Number of protein chains: 2
Amino acid sequence: MFMREKARRSLMLPVLLFLCLAPFAHAQTDPLPSWNNTGPKQAIMNFVQSVTRQGSHDFVPAVQRIAAFDNDGTLWVEQPMYVQLAFVIDRVHQLAPKHPAWKTTQPFKGVLEGDAKAVAATGEKGLMQLMAATHTGMTVDAFQKTLSGWLATAQHPRFKRPYTQCVYQPMLELLAYLRAHGFKTYIVSGGGVEFMRPWTEQVYGIPPEQVVGSSVKTKFEIVNGKPQLMRLPDIDFIDDKEGKPVGINQYIGRRPIAAFGNSDGDQQMLEWTTAGPGPHFALLVHHTDAAREYAYDRQSSMGRLDKALDEAHAKGWIVVDMKNDWKTIFPPQH
Amino acid sequence: MFMREKARRSLMLPVLLFLCLAPFAHAQTDPLPSWNNTGPKQAIMNFVQSVTRQGSHDFVPAVQRIAAFDNDGTLWVEQPMYVQLAFVIDRVHQLAPKHPAWKTTQPFKGVLEGDAKAVAATGEKGLMQLMAATHTGMTVDAFQKTLSGWLATAQHPRFKRPYTQCVYQPMLELLAYLRAHGFKTYIVSGGGVEFMRPWTEQVYGIPPEQVVGSSVKTKFEIVNGKPQLMRLPDIDFIDDKEGKPVGINQYIGRRPIAAFGNSDGDQQMLEWTTAGPGPHFALLVHHTDAAREYAYDRQSSMGRLDKALDEAHAKGWIVVDMKNDWKTIFPPQH
């Protein structure tokens, strides 16, 4: 008996040690390994610790830990053009054989000939025609299938990898870190809500019901006894600039306590978030890394960062200097 | 040593027994005690067991377990009038001193004089005027405060309890039962989304971000340096009938696998839910209990149940006979 008891004790000791030390070991694992130990990382971790520590003056109950992320330029690459625009161009090419008139009609002619100036000259009306032709007139299910097929084969022109792998590794870590601390992570993007929902769960761990975006109107109808939702060529909602707080209120119904963006399109979302009564956090990704990604801000036509950068400096919002604050940009390719 | 070992064993036996038997004890606790052991209860439990049992042919991963509940007449009382309409009437009375013209102008005159016919004669335009006067022209925050204040004092005229206690105990148990089995429970109601969000978490355990409803447009603006969201007198979305599948797609972006309603306003939501490719469940609450609640269906102006009842019979949707299937109607008053 004595020997068995001793044997048991000798087994139990390491187990007990492990149980006692595990929390410390866990705490020492860096949750944000792709972030350099510069200001933004420290600010993020300080904020998360302060709102999650029981008894802390800044403690926020888990149900109120809403974090809102812009998508284009904040979670994935938006240069040389928004991914949704690349989809539009590819779809116009794919659909052109069925629409012979497009060869001679703007804005389609311009898209087919790669004449960006001619397309731009058609203005908002032309953009709406392109959206209608590529995003509407089919069921919600059919659009999702088309989109998923395109994403499976399309590649970023510079990085030669699928767009869904042109996502920022430091932001993936940040999303996971926040969720591990009870945050509910949302996308709040100017991009089309149904352009994102089919893949955000797999890529970001953000389920479709936590994606807020721009939308077209849809119509419920029964065709051959089968209910379906048709996508109509009418804009329902633009989730950009002043639209972002509106979209947040409409979809989420709570004010986020943390918001992450990268452009003037995110300015109002950050203003709305930081005007809340409790603790809050606002961060802008500043694209400063032409070597590893892109460098752009005040003059860019996609993802312009100008007024929001001034406001960030004035109000002490955290600004990530991509070149200096991020160790790596993209996840390992798979 | 022997004695210590024996003592340890004698301690361990009950512990082991408890661990082995706990699941059975748990299984024997009735999760739906306010439901009689009639068809609907059995159908609910069979469905939940089939979609949650690992290895079952009908197994549905937790992330896809979306359950959508109508509110008026499904989760709380909608007779003698929708609660939101009672709010409108009370607010018109409260605001009348500031609007002397209302005494002589329809539909306000009708409301102030309790002349339902005169109000009805003003039609949809009149209803919109009442909505605008009582629901818009203030910030989202201000509306929530007004609403919460009203709910704290207003009482149901027959049951003499706050409206938020005129909720159906069997449905509260059903919500909890579904959530305990990994379901995400949503409200999908024709009622105003901001009329529900301030209290659904406390009353139903449904957080604001899981409430889909009708809405007015809102506008982001900065007043005296402070960002605010103003409620505008324009309808944004009507989440009723054909609007319910549209709202589900817009807000949730996934098709529910279970839907619960009580009126023709829910018909399309149940059609959309049951047209999904996997297992699905549809249930209508039929108000058959004039003694304990109300009895109404095909002729009612509020919560009419006519076409949806025919479709339920034709398609085998579960129909709850409130009088016979529910043991109790309301939770104990507190």
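The structure under discussion appears in the preceding block.
Residues numbered from 1 in each chain as written. Chains lettered and ligands numbered in written order. Predicted model: local features only at pLDDT ≥ 70, side-chain atom pairs only at ≥ 80, totals over all residues. Heavy atoms only, no water.

*Asks:* Please provide a residue-by-residue account of the overall build of chain A, values included.
*Replies:* Scanning chain A from N- to C-terminus turns up 13 helices and seven strands. With respect to the three principal axes, the spread of C-alpha positions in chain A is 90 × 55 × 40 Å. Residues counted as buried form 52% of the 334 residues belonging to chain A. Looking at chain A alone, contacts between residues at least 24 apart form 65% of all its contacts between residues at least 6 apart. Surface accessibility of chain A: about 15,400 Å² in total, with carbon and sulfur atoms responsible for 59%. Chain A carries 35 positive and 32 negative side-chain charges, and their two centres are separated by 7 Å. (Helix = DSSP H or I, 4+ residues; strand = E, 2+ residues; numbered from the N terminus. Buried < 20%, exposed > 50% of the residue type's maximum accessible area, 1.4 Å probe, protein only. Contact = heavy atoms within 4.5 Å. Areas by Shrake-Rupley, 256 points an atom, 1.4 Å probe, with all protein chains shown as cover. Lys, Arg positive; Asp, Glu negative; His and termini not counted. Charge placed at Lys NZ, Arg CZ, Asp CG, Glu CD.)

*Asks:* Let's hear about the environment of A:His135: which residues, and what values?
*Replies:* Residue and element names in this part refer to chain A. Mapping His-135 onto the fold places it in helix H6 (residues 123-135). Taking relative accessible area as the criterion, His-135 reaches 2% and is therefore assigned buried. In this structure, the C-alpha to C-alpha distance between His-135 and Thr-146, residues 11 residues apart in sequence, is 9.7 Å. With residues up to four places along the chain from it excluded, the contact list for His-135 reads Gln-84, Phe-87, Val-88, Phe-143, Phe-195 and Arg-231.

*Asks:* Please provide a residue-by-residue account of unusual backbone geometry, values included.
*Replies:* Residues and elements named next belong to chain B. Following Gln-79, the chain continues into Pro-80 via a peptide bond in cis, with omega recorded as 0 degrees. On the secondary structure map, Pro-80 appears in the loop between strand S1 (66-69) and helix H3 (83-95). Residues Gln-106 and Pro-107 are joined by a peptide bond in cis, for which omega reads 0 degrees. As for its position among the elements, Pro-107 is in the loop between H3 and helix H4 (108-113).

*Asks:* So what's going on with the relation of the copies chain B and chain A? Which residues, and what values?
*Replies:* Between chain B and chain A, the superposition needs a rotation of 180 degrees and an axial shift of 0.0 Å, giving an RMSD of 0.0 Å. Such a combination of rotation and displacement between the chain copies is what one expects of a two-fold axis. Counting the interface residues of chain B, we find that 98% of their copies in chain A are interface residues as well, pointing to one common contact surface. (Least-squares fit on C-alpha atoms with pLDDT ≥ 70 in both.)

*Asks:* Please provide a residue-by-residue account of the sheet that holds S1(B), values included.
*Replies:* Spatial ordering of the open sheet is given by S4-S3-S2-S1-S5-S6-S7 (chain B), a layout of seven strands whose pairing is mixed. The sheet is open, and its two borders are formed by strand S4 (226-237) and strand S7 (318-321) of chain B, each paired with just one other strand. For this sheet, the mean angle separating the axes of adjacent strands, direction not counted, is 30 degrees. The sheet strands contacting helix H10 (residues 243-251) of chain A are strand S3 (211-223) and S4 of chain B, and the helix crosses S3(B) at an angle near 150 degrees. (Pairing = 2+ DSSP bridges. Axes fitted to C-alpha atoms, helices over the stretch in contact; angles between N-to-C directions.)

*Asks:* Can you lay out the interface of chain B and chain A for me, pointing to particular residues and giving the numbers?
*Replies:* Chain B puts 41 residues into the contact, and the matching count from chain A is 41 residues. Counting the surface lost from both chain B and chain A, the interface buries some 3,500 Å², and carbon and sulfur atoms represent 48% of this. The salt bridge involving B:Arg255 is made with A:Asp141; its shortest N-O contact spans 3.8 Å. Here chain B and chain A share 22 residue pairs in polar contact (both at pLDDT 80 or more) between them. Elements that contribute at least two residues to the side of chain B that touches chain A include exactly helix H1 (2-28), helix H7 (140-153), strand S2 (184-192), helix H9 (193-204), S3, S4, helix H10 (243-251) and helix H11 (267-274) of chain B. For the side of chain B that touches chain A, the residue count by class is 17 nonpolar, eight polar and 16 charged. (Buried area = accessible area lost by both parts, 1.4 Å probe. Salt bridge = Lys/Arg side-chain N within 4 Å of Asp/Glu carboxyl O. Polar contact = N/O pair within 3.5 Å; in protein donor to acceptor, adjacent residues only side chain to side chain. Nonpolar A, V, L, I, M, F, W, Y, C, P; charged D, E, K, R; others polar.)

*Asks:* Please give an account of the sheet that holds strand S3 (residues 211-223) of chain A that cites residues and values.
*Replies:* Residue and element names in this part refer to chain A. Taken in spatial order, the seven strands of this open sheet run S4-S3-S2-S1-S5-S6-S7, and their pairing is mixed. Both edges of this open sheet fall to strand S4 (226-237) and strand S7 (318-321), since each of them pairs with a single strand only. Neighbour to neighbour, the strand axes of the sheet diverge by 30 degrees on average, direction disregarded. In the sheet, strand S5 (residues 258-261) pairs with strand S6 (residues 281-286) via four bridges, with the strands oriented parallel. Bridged to Gly-261 within S6 is Leu-284. Along the sheet, helix H11 (residues 267-274) makes contact with strand S1 (66-69), strand S2 (184-192), S5 and S6, crossing S5 at roughly 165 degrees. Contacting S6 and S7, helix H12 (residues 307-315) runs over the sheet at an angle of about 130 degrees to S6.

*Asks:* Please set out the side chain of A:Arg91 residue by residue, giving values where relevant.
*Replies:* Residues and elements named next belong to chain A. The topology assignment puts Arg-91 in helix H3 (residues 83-95). For the buried residue Arg-91, which engages in no salt bridge, the nearest side chain bearing the opposite charge is Asp-90, 9.0 Å off. Setting aside its immediate chain neighbours within four residues, Arg-91 contacts Thr-134 and Thr-146.

*Asks:* So what's going on with a nonpolar patch on the surface? Which residues, and what values?
*Replies:* On the surface, B:Met128, B:Ile235 and B:Ile238 cluster together to form a nonpolar patch covering roughly 220 Å² of accessible area. If you trace the backbone, B:Met128 turns up in helix H6 (residues 123-135). (Patch = residues over 30% accessible without salt bridge, like charges linked within 9 Å, V, L, I, M, F, W, Y side chains within 5 Å.)

*Asks:* An account of helix H8 (residues 169-180) of chain A is needed here, citing residue identities and associated values.
*Replies:* Residue and element names in this part refer to chain A. With 12 residues, H8 ought to run about 16 Å at 1.5 Å a step, and its terminal C-alpha atoms sit 17 Å apart, in line with that. Buried within H8 are the following residues: Gln-169, Pro-170, Met-171, Glu-173, Leu-174, Leu-175, Tyr-177 and Leu-178. The elements touched by buried residues of H8 are helix H2 (39-52), S1, S2, helix H9 (193-204), S5 and S6. Looking one or two residues past H8, Gly-182 carries a phi angle of roughly 85 degrees, positive in sign. (Expected span 1.5 Å × (residues − 1).)

*Asks:* Before we move on, can you summarise H9(B) with the specific residues and values?
*Replies:* The α-helix advances 3.6 residues per turn, and as a result positions three or four apart in sequence lie on the same side. Within H9(B), the full set of buried residues consists of B:Val193, B:Glu194, B:Phe195, B:Met196, B:Arg197, B:Trp199, B:Thr200 and B:Tyr204. At the exit of H9(B) stands B:Gly205, carrying a positive phi of roughly 75 degrees.

*Asks:* Give a description of the packing of aromatic side chains that names residues and reports values.
*Replies:* Counting across every chain of the model gives 37 aromatic pairs over all chains. Summarising the aromatic geometry, the rings of A:Trp35 and A:Trp326 are spaced 5.8 Å apart at their centres and angled 75 degrees between planes, so their arrangement reads as edge-to-face. Of this pair, A:Trp35 sits in the loop between helix H1 (2-28) and H2 while A:Trp326 is found in the segment after helix H13 (322-325), placing the two residues 291 residues apart along the sequence. Residues A:Trp35 and A:Trp326 agree in their burial class; the two are buried. Each member of the aromatic cluster is reached from another via a ring pair, and the members are A:Trp35, A:Phe159, A:Tyr168, A:Tyr294, A:Trp326 and A:Phe330. The ring of B:Tyr294 carries B:Arg158 above its face, with NZ or CZ at 4.9 Å from the centroid. (Phe/Tyr/Trp six-rings, centres within 6.5 Å; stacked < 30°, edge-to-face > 60°. Lys NZ or Arg CZ within 6 Å of the ring centre and 35° of its normal.)

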